[in-house]
Amino acid sequence: MRFEKEVWTRYYQVCSQAKKDIRKAERLGLENSPKLLKNELETRKVANTVELGTIEIPVSQIIGTATLDEKNLYSLDFLPVASADSTYAEQWCQLYMDYLSDKGWDGAIRCFEFMGRFYVQDGKKRVSVLKAHGATVTDAIVTRIMPVMEQDEEIEKYYDFLNNYEKTGLYQVAFSQPGSFDKLQRALGHNSDYKWNDSDRFNFLFNLPPVEYALEEAFDGHLNITAADAIVALLEEHPYNELRRMQPWNLTKLLQDCWVKLYKIVDPDFAAAPVGAA
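Residues numbered from 1 in each chain as written. Predicted model: local features only at pLDDT ≥ 70, side-chain atom pairs only at ≥ 80, totals over all residues. Heavy atoms only, no water.

Undergrad: Sorry if this is basic, but what is going on with the overall build of the chain here?
TA: Helices and strands together make up the secondary structure of the chain, namely eleven helices and six strands. Whereas a compact globule of 278 residues would reach a radius of gyration of roughly 19 Å, the chain reaches 20 Å, a difference of no more than 12%. Its C-alpha atoms give the chain principal-axis dimensions of about 60 × 45 × 40 Å. For the chain, buried positions account for 42% of its 278 residues. For the chain, the share of sequence-separated contacts (at least 6 apart) that also reach a separation of at least 24 residues comes to 72%. Approximately 15,500 Å² of the chain is accessible, and the part contributed by carbon and sulfur atoms is 49%. (Helix = DSSP H or I, 4+ residues; strand = E, 2+ residues; numbered from the N terminus. Rg over C-alpha atoms; globule rule 2.2 N^0.38 Å. Buried < 20%, exposed > 50% of the residue type's maximum accessible area, 1.4 Å probe, protein only. Contact = heavy atoms within 4.5 Å. Areas by Shrake-Rupley, 256 points an atom, 1.4 Å probe, with all protein chains shown as cover.)

Structure follows, in structure tokens:
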């Protein structure tokens, strides 16, 4: 009984947050519900689709839906907005209780991947529960939608990611600029064609959350680079084992200390003002 009460309390909390997020987005003229795949596909030419089967994907990169049904029941980040006395709320809370119990869920969610982001076809409530719980990864049956290769910065970056994915098997190894993966491979003592094993993936994912947190703390979201970019910069001076032992505040300071290098990732021509300049 207490367990069920805690789940309902969590529903009230995230529902309240979702409504606040929607009101804020409306005031700013921003999107206030998950993105729709159809709209994203209108901006690119599609080459073909590839069935990836069941793979583990990062929850943070689930950003939209493949269908309109239930789309308006969520905020931009999939937090629920339906009233607590609705059938939807009952189903949501039951799924949350199943997720936290030994029962778990039957099967994986089903989604499309396009340009490195995921759009849910089946399992929107489960995604909402995962987001509300702060889960980092989930199993998904994924269909990849391949854009036509053309001279476009974002598409070139995506195809660079696909080449990297063949070696890492991780969606979390993504960079702001093509060619950065080779720097990571060298920093880890590998050649550019080395394929990661389970230990390599574990080590990267172990170090990722502290660096993500430190990056946000250091620049408050104002520096548009990935955590993988930051890891490459840190590995130039500090090995994995050293990063693993560092406290969050220490990682934050290290990133702040190399801010010029990090800004140059997104702007190679960036030049810091000379010390003492007005």
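Undergrad: Honestly, the packing of helix α7 (residues 198-219) against helix α10 (residues 248-257) in this entry has me stumped. Any pointers?
TA: A packed helix pair is summarised by two numbers, namely the angle formed by the two axes and the spacing between the axes. Where α7 meets α10, the closest approach of the two axes is 8 Å, and the angle between their N-to-C directions is 60°. Accordingly, the angle class assigned to the pair α7 and α10 is oblique. Helix-helix and strand crossings are classified by hand; for α7 and α10 the assignment is right-handed. For the pair α7 and α10, contact is made by Pro-210, Val-211, Tyr-213, Ala-214, Leu-215, Glu-217, Ala-218 and Phe-219 and by Pro-248, Leu-251, Thr-252, Leu-255 and Gln-256, respectively. Grouping the constituent residues of the contact of α7 with α10 by class yields ten nonpolar, two polar and one charged. (Axes fitted to C-alpha atoms, helices over the stretch in contact; angles between N-to-C directions. Parallel < 35°, antiparallel > 145°, perpendicular 65-115°, else oblique. Left-handed = near helix turned anticlockwise from the far one by under 90°. Nonpolar A, V, L, I, M, F, W, Y, C, P; charged D, E, K, R; others polar.)

Undergrad: In this structure, what is going on with the environment of Met-149? I would like to understand it.
TA: The residue Met-149 is located in the loop between β6 (137-147) and α5 (153-168) in this model. For Met-149, a relative accessible area of 47% gives the class partly exposed. Put simply, Met-149 and Ala-227 are 78 residues apart on the chain and 26 Å apart in space, counted from C-alpha to C-alpha. Apart from the residues lying within four places of it in its own chain, the contact partners of Met-149 are Ile-155, Glu-156 and Tyr-159.

Undergrad: For this particular structure, what's the right way to read the layout of surface pockets?
TA: In this approach a probe as big as a water molecule rolls over the atoms, and the regions it shows empty are the leftover space. Taken as a whole, the largest pocket encloses approximately 1,500 Å³ of empty space. Ser-60, Gln-61, Arg-117, Ala-174 and Thr-226 are, among the 49 residues lining the largest pocket, the residues nearest its centre. For the lining of the largest pocket, the secondary structure elements donating two or more residues are β5 (117-122), α4 (124-133), α5, α7 and α8 (227-235). At seven residues, α7 tops the list of elements feeding residues into the lining of the largest pocket. Classifying every residue of the lining of the largest pocket by side-chain character gives 25 nonpolar, 14 polar and ten charged. (1 Å grid on protein atoms, 1.4 Å probe; cavity = no way out; pocket = protein on both sides within 12 Å on 5 of 7 lines; lining within 4 Å. Points joined across faces, edges and corners; volume = space filled by probe spheres on them.)

Undergrad: How should I be thinking about the packing of helix α3 (residues 87-100) against α4 in this particular structure?
TA: Orientation of α3 relative to α4, taken along the N-to-C sense of each, is 60°, at an axis distance of 9 Å. Remark: the crossing between α3 and α4 carries right-handed chirality. Two secondary-structure elements touch here, α3 through Tyr-88, Gln-91, Trp-92, Leu-95, Tyr-96, Tyr-99 and Leu-100 and α4 through Lys-125, Arg-126, Ser-128, Val-129, Leu-130, Ala-132 and His-133. Within the contact of α3 with α4, the residues separate by chemical class into nine nonpolar, three polar and two charged.

Undergrad: How should the environment of Val-127 be read in this particular structure?
TA: Mapped onto the fold, Val-127 is located in helix α4. Leaving out residues up to four positions away in the same chain, Val-127 has contacts with Ile-62, Phe-78, Ile-109 and Val-120.

Limitation: the analysis is restricted to geometry and does not speak to function.
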